[in-house]
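Take a look at the letters that make up each chain.
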Amino acid sequence: QVQLVESGGGLVQPGGSLRLSCAASGFTFSRYTMSWYRQAPGKERELVATITGAGSTNYADSVKGRFTISRDNAKNTMRLQMNSLEPEDTAVYYCVANVGINHWGQGTQVTVSS
């Protein structure tokens, strides 16, 4: 079955950086589009970035120029490099695999605060 495990969250000061990772298993990783979503307290879940199996990317306007999504199909891993972090980026970040339906990881907390 599809399994997605996020790591790399934590507490960072405004202007800092974090890198999230997602380890995927249970499906042919290279064939499927992967995404990062986030959900802040009291807010709806938001699509942050998407990457196709071939490596084409899309970003939410709120993170363009600051976040970079990438994948390593040989290692079944997806990453999200987050730079110039802002308090508004505070949320639980989820790894999502679009394998027929969306499969979700358990999430990793990112807190941006001084």
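Look a little higher up for the structure.
An account of the accompanying structure is given in this report. (Residues numbered from 1 in each chain as written. Predicted model: local features only at pLDDT ≥ 70, side-chain atom pairs only at ≥ 80, totals over all residues. Heavy atoms only, no water.)

1. Some points on the side chain of Arg-71
1) Next: Tracing the chain through its elements places Arg-71 in strand β7 (residues 67-72).
2) Next: Of the side chains with opposite charge, Asp-72 comes closest to the buried, unpaired Arg-71, at an N-O distance of 8.3 Å.
3) Next: A polar contact of 3.3 Å, which involves the side chain of Arg-71, links it to the backbone oxygen of Ile-51.
4) Next: In terms of polar contacts, Arg-71 uses its side chain to reach the backbone carbonyl oxygen of Thr-52, at 3.0 Å.
5) Next: Ignoring anything within four residues of it in the chain, the contact list for Arg-71 reads Phe-29, Ser-30, Tyr-32, Thr-33, Met-34, Ile-51, Thr-52, Gly-53, Thr-77 and Met-78. (Helix = DSSP H or I, 4+ residues; strand = E, 2+ residues; numbered from the N terminus. Buried < 20%, exposed > 50% of the residue type's maximum accessible area, 1.4 Å probe, protein only. Lys, Arg positive; Asp, Glu negative; His and termini not counted. Salt bridge = Lys/Arg side-chain N within 4 Å of Asp/Glu carboxyl O. Polar contact = N/O pair within 3.5 Å; in protein donor to acceptor, adjacent residues only side chain to side chain. Contact = heavy atoms within 4.5 Å.)

2. Concerning the pairing of strand β3 (residues 18-25)
Regular strands place side chains that alternate from one sheet face to the opposite one.
1) Next: The sheet contact formed by strand β1 (residues 3-7) and β3 spans 5 bridges and is antiparallel. Counted as the bridge partner of Leu-4 is Ala-24 from β3.
2) Next: Pairing between β3 and strand β8 (residues 77-82): 6 bridges, direction antiparallel. Paired with Leu-18 across the strands is Met-82, a residue of β8. (Pairing = 2+ DSSP bridges.)

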